[in-house]
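Observations on the three-dimensional arrangement
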Amino acid sequence: MNTYRVGDDVTVLNDQLEVPGIGHLPINAFVLHAREPVVVDTGLSLADRDFLAELGNVIDPADVRWIWLTHPDRDHTGGLFALLEAAPQAKLVTTFLGVGIMSTDRPLPLDRVHLLNPGQRLDVGDRTLTAFRPPLFDSPATVGFYDDKSRICFSSDCLGGPMPTADLASCPDVSQLPAAELLEAQLLWAAVDSPWVHNVSGQAYADSVRAMQAFDSDIVLSTHLPPAIGIGNQLIAMLLAAPDAPRFVGPDQAALEQMLASFEPAPVG
């Protein structure tokens with residue numbers, strides 16, 4: 001994992017996965033250095049990842065007061081239970097559905113849960129976090145938030161995009177990628193992660209985009225994109241274009257068999 005600071009208030013804990021034929025997908029978690037520190041998501045659920053150890057290089061886990069789970073997909077929950085144990089004063093911020101989904105795998109300690117719905121707010125000592133439903137999402141439990149002090153928007157999986165290289169997947173500013181390439185990557189991610197967007201149009205979807213735009217954030221953070229700094233209008237234009245972007249169609253069985261055949265060792269002799 002790679003860690004770096006964004007602005008004065010946020011540390012990014014960056015990981016990534018290579019997706020064959022698509023690129024390198026960032027997998028980000030965050031620490032919001034509020035008076036009551038907030039950890040946003042907890043990384044990949046893979047045996048060779050130790051999220052808690054990486055977090056310990058940024059903040060003493062015992063100092064964490066809030067764990068904001070933007071949604072309970074496995075690339076967000078890798079270090080969750082280890083962190084709950086190491087941060088005994090921390091509350092887990094999620095939704096009723098988030099608790100239900102997590103409980104199909106491992107029950108959450110309900111006395112450690114703080115249920116928060118879109119539109120509600122959380123006071124973390126020196127700032128208020130406003131919960132909202134991002135325009136694009138792949139889980140009904142998804143809740144991002146806006147920090148009124150740093151003016152940073154945490155958008156969960158919304159706005160993601162695979163990067164062409166590992167270096168770009170770990171860079172501190174997505175503007176290092178040319179705007180046209182960024183748009184292409186984000187529209188691909190929208191089609192992969194939120195395929196329902198092709199079935200919606202009109203005012204309701206546009207209203208959800210405008211609601212996010214109203215935060216007027218200086219920095220927008222996504223689980224699956226390097227930090228987006230000062231390009232708010234570009235991000236909004238992408239979201240508005242998503243319903244009309246090409247649909248994603250993944251490889252079929254014939255493609256899989258061709259791929260497996262390419263892995264077979266050459267005949268000997």
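Our subject is the structure listed above.
Scope of this entry: the structure provided in the associated data block. (Residues numbered from 1 in each chain as written. Predicted model: local features only at pLDDT ≥ 70, side-chain atom pairs only at ≥ 80, totals over all residues. Heavy atoms only, no water.)

Some points on the overall build of the protein
The number of helices and strands found in the protein is eight helices and 13 strands. The C-alpha atoms of the protein give a radius of gyration of 19 Å, which matches the 18 Å a tight globule of 269 residues would have. Oriented by its inertia axes, the alpha-carbon framework of the protein measures out at about 65 × 50 × 35 Å. Taking all 269 residues of the protein together, 49% fall into the buried category. For the protein, the proportion of contacts with a sequence separation of at least 24, taken over those separated by at least 6, is 63%. (Helix = DSSP H or I, 4+ residues; strand = E, 2+ residues; numbered from the N terminus. Rg over C-alpha atoms; globule rule 2.2 N^0.38 Å. Buried < 20%, exposed > 50% of the residue type's maximum accessible area, 1.4 Å probe, protein only. Contact = heavy atoms within 4.5 Å.)

Description of the nonpolar core
Judged by nonpolar contacts, the single largest core of 31 residues is most densely connected at L159, M163 and L239. If we skip the residues at most four places from it in the chain, L159 touches Q186, M212, V220, S222, L225, L235, M238 and L239. In this structure, Y4, L32, V40 and L129 belong to the second largest nonpolar core, which totals 23 residues. (Core = buried A, V, L, I, M, F, W, Y, C linked by side-chain atoms within 4.5 Å.)

Focus: the sheet that holds strand β1 (residues 2-6)
With mixed pairing, the seven strands of this open sheet are ordered in space as β1-β2-β3-β4-β5-β6-β7. Edge positions in the sheet fall to β1 and β7 (113-115), since each of these pairs with one other strand and no more. Each adjacent strand pair in this sheet contributes to an overall mean axis angle of 25°, direction not counted. Alignment of strand β6 (residues 91-94) against β7, held across three bridges, turns out to be parallel. Residue pairing across strands places L92 opposite V113, the latter belonging to β7. (Pairing = 2+ DSSP bridges. Axes fitted to C-alpha atoms, helices over the stretch in contact; angles between N-to-C directions.)

A few points about the pattern of salt bridges
By the definition in use, this model includes eight salt bridges. When the shortest N-O distance is used, the salt bridge between R151 and D216 registers 3.4 Å. With R151 in the loop between β10 (144-147) and β11 (152-154) and D216 in the loop between α6 (203-213) and β12 (219-222), this residue pair connects regions lying 65 residues apart in the sequence. Residue R151 is classed as partly exposed on the basis of its relative accessible area, which comes to 28%. Taken together, the shared-partner salt bridges connect D9, D126, R127, D147 and K149 into one network. (Salt bridge = Lys/Arg side-chain N within 4 Å of Asp/Glu carboxyl O.)

Focus on unusual backbone geometry
Despite not being glycine, D41 shows a phi value in the positive range, around 65°. For D41, a relative accessible area of 1% translates into the label buried. Residues other than glycine seldom take positive phi values, yet L159 does so here, at roughly 80°. When you line up the elements, L159 lands in the loop between β11 and α4 (166-169).

Let's talk about the state of the cysteines
The final tally for this structure, using the stated rule, is zero disulfides. Lacking any disulfide linkage, C158 is separated from the closest cysteine sulfur, that of C153, by 8.1 Å. The exposure class of C158 is buried, given its relative accessible area of 1%. As a non-bridged cysteine, C171 has C158 as the owner of its nearest cysteine sulfur, 18 Å distant. Looking at C171, the relative accessible area reads 4%, which means it is buried. (Disulfide = S-S within 2.5 Å.)

Section: the packing of helix α5 (residues 179-193) against helix α7 (residues 232-241)
Axes are the key here: two packed helices are described by the angle between their axes and the distance separating the axes. Running from amino to carboxyl end, α5 crosses α7 at an angle of 40°, the nearest separation of the two axes being 10 Å. Judged by the angle between their axes, α5 and α7 are oblique. Along this stretch, α5 crosses α7, giving a crossing that reads as right-handed. Residue-level inspection shows A179, L182, L183, Q186 and L187 of α5 in contact with α7, the latter providing Q234, L235, M238 and A241. Class assignment for the residues of the contact of α5 with α7 results in seven nonpolar, two polar and no charged. (Parallel < 35°, antiparallel > 145°, perpendicular 65-115°, else oblique. Left-handed = near helix turned anticlockwise from the far one by under 90°. Nonpolar A, V, L, I, M, F, W, Y, C, P; charged D, E, K, R; others polar.)

Remarks on a nonpolar patch on the surface
Taken together, the side chains of F96, L97, I101 and L115 define a hydrophobic patch exposed on the protein surface, amounting to about 400 Å² of accessible area. By residue number, the principal contributor to the nonpolar patch is helix α3 (residues 96-103), which donates three residues. Mapped onto the secondary structure, F96 falls in helix α3. (Patch = residues over 30% accessible without salt bridge, like charges linked within 9 Å, V, L, I, M, F, W, Y side chains within 5 Å. Areas by Shrake-Rupley, 256 points an atom, 1.4 Å probe, with all protein chains shown as cover.)

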